[in-house]
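Residue-level listing of the chains:
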Amino acid sequence: MIVVKIGGSEGLNYDLIADDLAALVKAEQPLILIHGGSSLTNKVSEQLGHPPEFVTSVSGYTSRRTDKRTMEIFQMVYCGQMNKSIVERLQMRGVNAVGLSGMDGRLWEGTRKAAIKVVQNGRRRVLRDDYTGKVEKVNLTLLTGLLDMGYLPVLTPPAISYEGEAINVDGDRAAAATAAAFNAEALIILSNVPGLLEKFPDESSLIRHIPAKKIDQFMSVAQDRMKKKVMGAQEALAQGIGRIVFADGRVENPISRALEGEGTVIGG
Ligand code: ADP
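Here the structure is a predicted model, which is why all the values come from computation and not from measurement. (Residues numbered from 1 in each chain as written. Predicted model: local features only at pLDDT ≥ 70, side-chain atom pairs only at ≥ 80, totals over all residues. Heavy atoms only, no water.)

A. Broad picture of the overall build of the chain. Counting its regular elements, the chain contains 7 helices and 16 strands. Here the C-alpha atoms of the chain give a radius of gyration of 18 Å, agreeing with the 18 Å that 2.2 N^0.38 yields for 268 residues. Each of the three principal axes of the chain carries a C-alpha extent, and together these read 50 × 40 × 35 Å. Residue burial in the chain is summarised as follows: out of 268 residues, 51% are buried. (Helix = DSSP H or I, 4+ residues; strand = E, 2+ residues; numbered from the N terminus. Rg over C-alpha atoms; globule rule 2.2 N^0.38 Å. Buried < 20%, exposed > 50% of the residue type's maximum accessible area, 1.4 Å probe, protein only.)

Spelled out as structure tokens, the structure:
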């Protein structure tokens, strides 16, 4: 099993990604696809008069402030346009894709954070009306059933809390949890950069390989959004995934190239 996460930032080439996925599916490579949608969510939020807000946790991680209205917009974009446009691209290429959110069939379950401690303008604040959390359980039965019937699952946040509320979860970390549940051979994370850059945004400073034992040292190299990806990789390694690749989602055959070792290879 290979789990592929495609980002939601500008610059990714969804057509080239779909071409490569179709070729891999044709070659009978078992796959699960997970996607994001952050950039379009920001745009739509602006257009709907509810501009995006980002909060930084006390430990230094940035995440989207997800109040009720944000969650509605989030679902429109992630479960709507993003998910369905990827499903359509795959269907056009003869892949029988099924798009689901983490809420459907309780695919991704987790705890909703009761309160998040954030730092705003140098001051600490506690948010209690935020709908965020982390994937703790993956519905393997549902995914295995779909795969056995020949469908390609295309998954997107939100996940579902144990109480049944939609929760915003980080896509990279959800992908890591999914890869772990399947004991996947590899987790491929495609974004609009060639991988982890030593001196971001200098693309010639690509880090080619990070041994599993050294991952902690690379946490400081990643800034803002990349931090969560490195954290996802750390979690995937801890859960037994042998190889994680951060690779370029703007190029031809992005997944095959990542499998051949292009990008930042973490672990084996
Ligand atoms: P996606 O939406 O594709 O999942 P993100 O936008 O969340 O991806 O994360 C990738 C972004 O992280 C890059 O576009 C880049 O702006 C940022 N970044 C920060 N530090 C680094 C780094 N050291 N190497 C690569 N990218 C970095």
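Once the structure has been displayed, the description carries forward.
B. Molecular detail of the site of the ligand. Residues in contact with the ligand amount to 19 residues; listed here are only the nearest, Ser 9, Asn 192, Leu 197, Arg 225 and Lys 229. Contact between the ligand and Leu 197: a nitrogen atom at 2.8 Å from a main-chain N or O atom of the residue. Within the side chain of Arg 225, an N or O atom sits 2.7 Å from an oxygen atom of the ligand. When residues in the shell around the ligand are grouped by element, the largest group, 4 residues, is from helix 6 (residues 224-238). (Near = heavy atom within 4 Å. Polar contact = N/O pair within 3.5 Å; in protein donor to acceptor, adjacent residues only side chain to side chain.)

C. Quick look at the pattern of salt bridges. In this structure the tally under the stated criterion is 16 salt bridges. Ionic pairing is found between Arg 89 and Asp 15, a salt bridge with its closest N-O pair at 2.9 Å. Pair noted here: Arg 89 is in helix 3 (residues 68-92) and Asp 15 is in helix 1 (residues 14-26), with a separation of 74 residues, a long-range link. Taking relative accessible area as the criterion, Arg 89 reaches 24% and is therefore assigned partly exposed. You can call Asp 15 partly exposed: its relative accessible area is 35%. A salt bridge links Arg 65 to Asp 129, with the shortest nitrogen-to-oxygen separation between them at 2.9 Å. Separated by 64 residues along the polypeptide, Arg 65 in the loop between strand 4 (62-64) and helix 3 and Asp 129 in the loop between strand 8 (123-127) and strand 9 (133-138) bring together distant segments of the chain. Residue Arg 65 is classed as buried on the basis of its relative accessible area of 11%. The partly exposed category is assigned to Asp 129, whose relative accessible area is 40%. One salt-bridge network, in which partners are shared between bridges, spans Asp 15, Asp 19, Arg 89 and Arg 93. (Salt bridge = Lys/Arg side-chain N within 4 Å of Asp/Glu carboxyl O.)

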